[in-house]
Amino acid sequence: NWWENRRDRIRESMFGIPTAEWVVLIIGALITISFTFFFTTDVRGVHLAMRLLASILIAMSLYLVLLFGSPFSGDMRVSDKPYRFVQMAMNSYLRN
(Lines give C-alpha, C1' and ligand atoms only; values in the text may rest on other atoms or scores of the structure.)
Protein backbone atom coordinates (compact mmCIF):
# COMPACT_ATOMS: atom_id res chain seq x y z
CA ASN A 1 0.00 0.00 0.00
CA TRP A 2 1.37 3.39 -0.99
CA TRP A 3 0.53 5.04 2.34
CA GLU A 4 2.60 2.54 4.33
CA ASN A 5 5.51 2.90 1.89
CA ARG A 6 5.34 6.68 2.25
CA ARG A 7 5.33 6.41 6.04
CA ASP A 8 8.32 4.05 5.87
CA ARG A 9 10.25 6.48 3.67
CA ILE A 10 9.51 9.38 6.01
CA ARG A 11 10.55 7.35 9.06
CA GLU A 12 13.73 6.20 7.28
CA SER A 13 14.60 9.77 6.28
CA MET A 14 14.46 10.87 9.91
CA PHE A 15 17.29 8.51 10.79
CA GLY A 16 19.78 9.93 8.31
CA ILE A 17 22.06 7.70 6.28
CA PRO A 18 20.84 4.08 5.93
CA THR A 19 22.74 1.33 7.75
CA ALA A 20 23.91 -0.35 4.54
CA GLU A 21 25.57 2.87 3.44
CA TRP A 22 27.30 3.34 6.81
CA VAL A 23 28.67 -0.21 6.71
CA VAL A 24 30.04 0.25 3.21
CA LEU A 25 31.53 3.66 4.06
CA ILE A 26 33.26 2.43 7.23
CA ILE A 27 34.64 -0.73 5.62
CA GLY A 28 35.77 1.32 2.62
CA ALA A 29 37.54 3.78 4.91
CA LEU A 30 39.32 0.96 6.75
CA ILE A 31 40.42 -0.60 3.45
CA THR A 32 41.68 2.76 2.19
CA ILE A 33 43.64 3.39 5.40
CA SER A 34 45.08 -0.14 5.30
CA PHE A 35 46.56 0.58 1.87
CA THR A 36 49.09 2.92 3.47
CA PHE A 37 50.69 0.00 5.32
CA PHE A 38 51.32 -1.89 2.08
CA PHE A 39 53.19 0.76 0.11
CA THR A 40 56.68 0.04 1.45
CA THR A 41 56.78 -3.73 0.91
CA ASP A 42 58.04 -5.77 -2.03
CA VAL A 43 56.32 -9.01 -1.02
CA ARG A 44 54.19 -10.43 -3.82
CA GLY A 45 51.50 -11.74 -1.45
CA VAL A 46 51.01 -8.31 0.05
CA HIS A 47 50.41 -6.81 -3.37
CA LEU A 48 47.89 -9.57 -4.05
CA ALA A 49 46.13 -8.61 -0.81
CA MET A 50 46.06 -4.98 -1.98
CA ARG A 51 44.38 -6.02 -5.23
CA LEU A 52 41.86 -8.08 -3.30
CA LEU A 53 41.05 -5.18 -0.99
CA ALA A 54 40.69 -2.82 -3.95
CA SER A 55 38.32 -5.29 -5.61
CA ILE A 56 36.22 -5.47 -2.46
CA LEU A 57 36.13 -1.67 -2.28
CA ILE A 58 34.95 -1.42 -5.89
CA ALA A 59 32.33 -4.15 -5.36
CA MET A 60 30.96 -2.37 -2.29
CA SER A 61 30.73 0.90 -4.21
CA LEU A 62 28.84 -0.83 -7.01
CA TYR A 63 26.54 -2.38 -4.41
CA LEU A 64 25.69 1.10 -3.11
CA VAL A 65 24.97 2.28 -6.64
CA LEU A 66 22.68 -0.71 -7.12
CA LEU A 67 21.01 -0.17 -3.76
CA PHE A 68 20.34 3.56 -4.12
CA GLY A 69 20.32 3.94 -7.89
CA SER A 70 16.70 2.90 -8.53
CA PRO A 71 14.36 5.17 -6.55
CA PHE A 72 11.35 4.18 -8.68
CA SER A 73 11.48 0.46 -7.82
CA GLY A 74 11.55 -1.71 -4.71
CA ASP A 75 9.56 -1.72 -1.47
CA MET A 76 10.15 1.94 -0.64
CA ARG A 77 9.86 3.26 -4.19
CA VAL A 78 9.13 6.86 -5.00
CA SER A 79 6.15 7.52 -7.25
CA ASP A 80 6.90 9.04 -10.63
CA LYS A 81 3.46 10.69 -10.87
CA PRO A 82 4.61 14.12 -9.55
CA TYR A 83 7.53 14.06 -11.96
CA ARG A 84 5.23 13.21 -14.87
CA PHE A 85 2.84 16.01 -13.85
CA VAL A 86 5.63 18.60 -13.79
CA GLN A 87 6.98 17.29 -17.07
CA MET A 88 3.54 17.69 -18.73
CA ALA A 89 3.12 21.16 -17.20
CA MET A 90 6.53 22.26 -18.47
CA ASN A 91 5.81 20.89 -21.94
CA SER A 92 2.52 22.75 -22.13
CA TYR A 93 4.17 25.93 -20.82
CA LEU A 94 6.96 25.74 -23.39
CA ARG A 95 4.44 25.26 -26.22
CA ASN A 96 2.66 28.52 -25.33
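Thresholds, definitions, all that
- Residues numbered from 1 in each chain as written.
- Predicted model: local features only at pLDDT ≥ 70, side-chain atom pairs only at ≥ 80, totals over all residues.
- Heavy atoms only, no water.
- Helix = DSSP H or I, 4+ residues; strand = E, 2+ residues; numbered from the N terminus.
- Buried < 20%, exposed > 50% of the residue type's maximum accessible area, 1.4 Å probe, protein only.
- Contact = heavy atoms within 4.5 Å.
- Areas by Shrake-Rupley, 256 points an atom, 1.4 Å probe, with all protein chains shown as cover.
- Core = buried A, V, L, I, M, F, W, Y, C linked by side-chain atoms within 4.5 Å.
- Patch = residues over 30% accessible without salt bridge, like charges linked within 9 Å, V, L, I, M, F, W, Y side chains within 5 Å.
- Salt bridge = Lys/Arg side-chain N within 4 Å of Asp/Glu carboxyl O.
- Axes fitted to C-alpha atoms, helices over the stretch in contact; angles between N-to-C directions.
- Parallel < 35°, antiparallel > 145°, perpendicular 65-115°, else oblique.
- Left-handed = near helix turned anticlockwise from the far one by under 90°.
- Nonpolar A, V, L, I, M, F, W, Y, C, P; charged D, E, K, R; others polar.

### Examining the overall build of the chain
Each helix and strand in the chain was counted, giving four helices and zero strands. When the helices and strands of the chain are listed from N to C terminus, the series reads α-α-α-α. Buried residues in the chain amount to 11% of all 96 residues. Within the chain, residue pairs in contact and separated by at least 24 positions form 57% of the contacts whose partners lie at least 6 positions apart. Only carbon and sulfur atoms are counted for the fraction: they give 67% of the accessible area of the chain, which is about 8200 Å².

### Observations regarding the nonpolar core
Residues Val-24, Ile-31, Phe-35, Phe-38, Met-50, Met-60 and Leu-64 constitute the largest nonpolar core, which totals seven residues. Not counting the four nearest positions on each side in its chain, Ile-31 is found in contact with Leu-53, Ile-56, Leu-57 and Met-60.

### Remarks on a nonpolar patch on the surface
Among the surface-exposed residues, Phe-85, Val-86, Met-90, Tyr-93 and Leu-94 lie close enough to one another that they form a single nonpolar patch of about 600 Å² accessible area. Looking at the secondary structure, you find Val-86 in helix H4 (residues 81-95). What makes Val-86 partly exposed here is its relative accessible area of 48%.

### Looking at the packing of helix H2 (residues 19-35) against helix H3 (residues 44-68)
Axis separation between H2 and H3 bottoms out at 10 Å; the angle between their running directions is 160°. Taken as axis vectors, H2 and H3 run roughly antiparallel relative to one another. The chirality of how H2 crosses H3 is left-handed. Contacts from Ala-20, Glu-21, Val-24, Ile-27, Gly-28, Ile-31, Thr-32, Ser-34 and Phe-35 in H2 reach Met-50, Leu-53, Ala-54, Ile-56, Leu-57, Met-60, Tyr-63, Leu-64, Leu-67 and Phe-68 in H3. Residue composition of the contact of H2 with H3, grouped by class: 15 nonpolar, three polar and one charged.

### As for the environment of Leu-67
Looking at where Leu-67 falls in the secondary structure, it is placed in helix H3. Residue classification places Leu-67 among the partly exposed positions, given a relative accessible area of 38%. When the C-alpha positions of Leu-67 and Glu-21 are compared, they lie 9.0 Å apart, and in sequence the two are 46 residues distant.

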